[in-house]
Amino acid sequence: MRVPLFAAICAALLGGAALAQSAPSPAAPAQSGLRPDQVEFRATYKELVETNTTLSSGSCTLAAERMGARLKAAGIPDAQIIPYADPAHPNEGGLVAIYPGTSKTLKPILLIAHIDVVEAKREDWTRDPFTLVEEDGYFYARGSADDKAMAAVWVDTLIRFAKTGYKPRRTVKLALSCGEETNGAFNGIEWLAANKRDLIDAEFALNEGGGGSADASGKVLVQEVQVGEKTFANFELEARNPGGHSSIPVRDNAIYSLSHALIKLQDYEFPLEMNDVTHAYFARAGAARHDALGDAMVALAKDPTDKAAEAVVNTDRVLHSNLRTTCVATMVDAGHARNALPQRARANVNCRIFPGHSIESIRDELAGVIGDPSITITILPPKRPAPPAPPLNPKVIGPMEKLVARYFPGVPLLPSMANGYTDATFLGAVGIPTYGVPGMWGGPDGDGVHGLNERISVKSLYTGRDFLFDLVKDLSSK
């Protein structure tokens, strides 16, 4: 899923002096037609997008089989194409493919992409969500952007390697997985990390989460590399009471007790925190804005204790969330009858936890904020890991910077930390630092990702494909 900070930077640069260029690419397709390799890629992309992989009625297993068949047809041996599935979740399988390198000392690179998609109802969409439609410079379909564009690019990269006989120094591994879009569903990357760690072992991984932002005219304003993300956790707050008849109420009421707890939570601000990634982001993104908010971002990067700068930055909800853990009430359930005092009141509190804190420590902090031992606080499953942020590794970031300068002259590459989460969480927890790559880009309205009429610009897809191919080739060569 795309990083929310894209929208903040897009709005920022539109409001100030633009560093934008119109998305030039050394290998962008001509309007009159596609290169032969692009025609083949389009067929791979179309087949993947048109394979329904929703949890309710689709099959990631089938989609993975179809991508495996394309890898085999390119000359990759069966032994290097490993399908996987949990017997309890036969339609939620995936695929690992291995393209061997020549070095016996360099560790592999891992390319990951989820092939499951968010649900889509035909009656709600302008077009069939499971038919790829090219129209007005966009590809429309569920998963056209999130995340089948990247999945198809990774498959296509190995196909191009095989057909050209490319021999990388590093082994390149690919993992296609299911379950990223549905919290609590079987998750392929989580399963691989827990059960097939050696199969996916790598020095680092490349993933979704980075990318570019464009304005409404299609000008690319910024590219980002995601370096770290917050941890997702749900807590259940519960108040209990003996209850009784509503005609003789008492002050000790489960709904009132829960309400007081939620008001305390509403009024609590988790303290500001910064790490290497957010320091760099605030300094560089702020300098690009040329406005009061940008000045405050730069000041805060220099001195995180600057309360005046923090107050200005906190007026932007995305930036405010990027500076701290956030917890918010999202659901409530209380009472058992209209004419009875409530015996129980519950609320779900969703937290996005700044890297470096355990879920348990945040539960304890919530308990201290509420200050009422009668309110129980329970960590709800699934409990996700809370890994540290990856390092700003110049061996990984450096080639990205060079390619951004080549493909998008004058456009900055910014390191960013996601307020949301991706499958990078599971890899970071087992020691594989994972980076969300730049390359493809989206528009200021979110391009319908997770919503209606999802789309990706044709130019973004084909330019991003060439960018990512060059990136993997560079990283695998040293």
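Residues numbered from 1 in each chain as written. Predicted model: local features only at pLDDT ≥ 70, side-chain atom pairs only at ≥ 80, totals over all residues. Heavy atoms only, no water.

A. Structural detail: the overall build of the protein chain. Each helix and strand in the protein chain was counted, giving 14 helices and 19 strands. Against the 2.2 N^0.38 benchmark of 23 Å for 478 residues, the protein chain shows a C-alpha radius of gyration of 24 Å, consistent with a compact globule. Each principal axis of the C-alpha atoms in the protein chain carries an extent, and together these give about 80 × 55 × 50 Å. Across the 478 residues in the protein chain, those meeting the buried criterion constitute 55%. (Helix = DSSP H or I, 4+ residues; strand = E, 2+ residues; numbered from the N terminus. Rg over C-alpha atoms; globule rule 2.2 N^0.38 Å. Buried < 20%, exposed > 50% of the residue type's maximum accessible area, 1.4 Å probe, protein only.)

B. Molecular detail of the pattern of salt bridges. Scanning the entire structure with this criterion turns up 34 salt bridges. With its nearest N and O atoms 3.1 Å apart, the salt bridge here joins arginine 35 to aspartate 466. Taken together, the residues span a long stretch of sequence, with arginine 35 in the loop between helix 1 (5–15) and helix 2 (36–49) and aspartate 466 in helix 14 (residues 458–476) at a distance of 431 residues. Overall, the relative accessible area of 26% leaves arginine 35 in the partly exposed class. Note that aspartate 37 and arginine 465 form a salt bridge whose closest N and O atoms lie 2.7 Å from each other. With aspartate 37 in helix 2 and arginine 465 in helix 14, this residue pair connects regions lying 428 residues apart in the sequence. Aspartate 37 gets classed as partly exposed once you look at its relative accessible area, which sits at 24%. (Salt bridge = Lys/Arg side-chain N within 4 Å of Asp/Glu carboxyl O.)

C. Focus on helix 11 (residues 359–370). The end-to-end C-alpha distance of helix 11 is 17 Å, a good match for the 16 Å that twelve residues give at a rise of 1.5 Å each. Taken together, the buried positions of helix 11 are occupied by Ile359, Ile362, Leu366, Val369 and Ile370. Down the axis of helix 11, the smallest arc covering the buried residues is 90 degrees, so these residues share one side. Of the surrounding elements, those touching the buried residues of helix 11 are strand 10 (231–240), helix 6 (254–267), strand 12 (326–334), strand 14 (344–353) and strand 15 (376–379). Following helix 11 by one or two positions, glycine 371 adopts a phi angle in the positive range, close to 65 degrees. (Expected span 1.5 Å × (residues − 1). Arc of directions from axis to C-beta. Contact = heavy atoms within 4.5 Å.)

D. Quick peek at the sheet that holds strand 4 (residues 133–135). Overall, antiparallel pairing links the three strands, which are arranged 4-5-19 in an open sheet. Edge strands, defined here as strands with exactly one partner in the open sheet, are strand 4 and strand 19 (455–457). The sheet shows a mean angle of 25 degrees between the axes of neighbouring strands, direction not considered. Of the strand pairs in this sheet, strand 4 and strand 5 (residues 138–140) are connected by three bridges, and their pairing is antiparallel. Across the sheet, glutamate 134 pairs through a bridge with phenylalanine 139, a residue of strand 5. (Pairing = 2+ DSSP bridges. Axes fitted to C-alpha atoms, helices over the stretch in contact; angles between N-to-C directions.)

E. Highlighting the pairing of strand 7 (residues 204–207). The two faces of strand 7 match: Phe204 and Leu206 on one face and Ala205 and Asn207 on the other face are all buried. Pairing analysis gives three bridges linking strand 3 (residues 109–114) to strand 7, with the strands arranged parallel. Paired with leucine 111 across the two strands is leucine 206, which belongs to strand 7. Where strand 7 and strand 17 (residues 434–436) come together, three bridges link them in parallel fashion. Bridge pairing in strand 17 places leucine 206 opposite tyrosine 435.

F. How the structure looks around the side chain of arginine 384. Here arginine 384 shows up in the loop between strand 15 and helix 12 (394–407). Although arginine 384 lies buried, it forms no salt bridge, and the closest oppositely charged side chain, aspartate 423, sits 4.9 Å away as judged by the N-O distance. A polar side-chain atom of arginine 384 sits 3.4 Å from the main-chain carbonyl oxygen of threonine 422. Residues within four places of arginine 384 in sequence aside, it is in contact with Asn183, Thr231, Phe232, Ile359, Tyr421, Thr422, Thr425 and Phe426. (Lys, Arg positive; Asp, Glu negative; His and termini not counted. Polar contact = N/O pair within 3.5 Å; in protein donor to acceptor, adjacent residues only side chain to side chain.)

G. Highlighting the sheet that holds strand 15. Reading across from one edge, 12-14-10-15 is the order of the four strands in this open sheet, with antiparallel pairing throughout. For this open sheet the edge positions go to strand 12 and strand 15, each flanked by a neighbour on one side alone. Looking at each pair of strands side by side, their axes are set apart by 25 degrees on average, direction ignored. Across ten bridges, strand 10 lies against strand 14 in antiparallel orientation. Counted as the bridge partner of alanine 233 is cysteine 351 from strand 14. Running at roughly 15 degrees to strand 14, helix 6 makes contact with strand 10, strand 12 and strand 14 of the sheet. Contacting strand 10, strand 12, strand 14 and strand 15, helix 11 crosses the sheet at an angle of about 40 degrees to strand 10.

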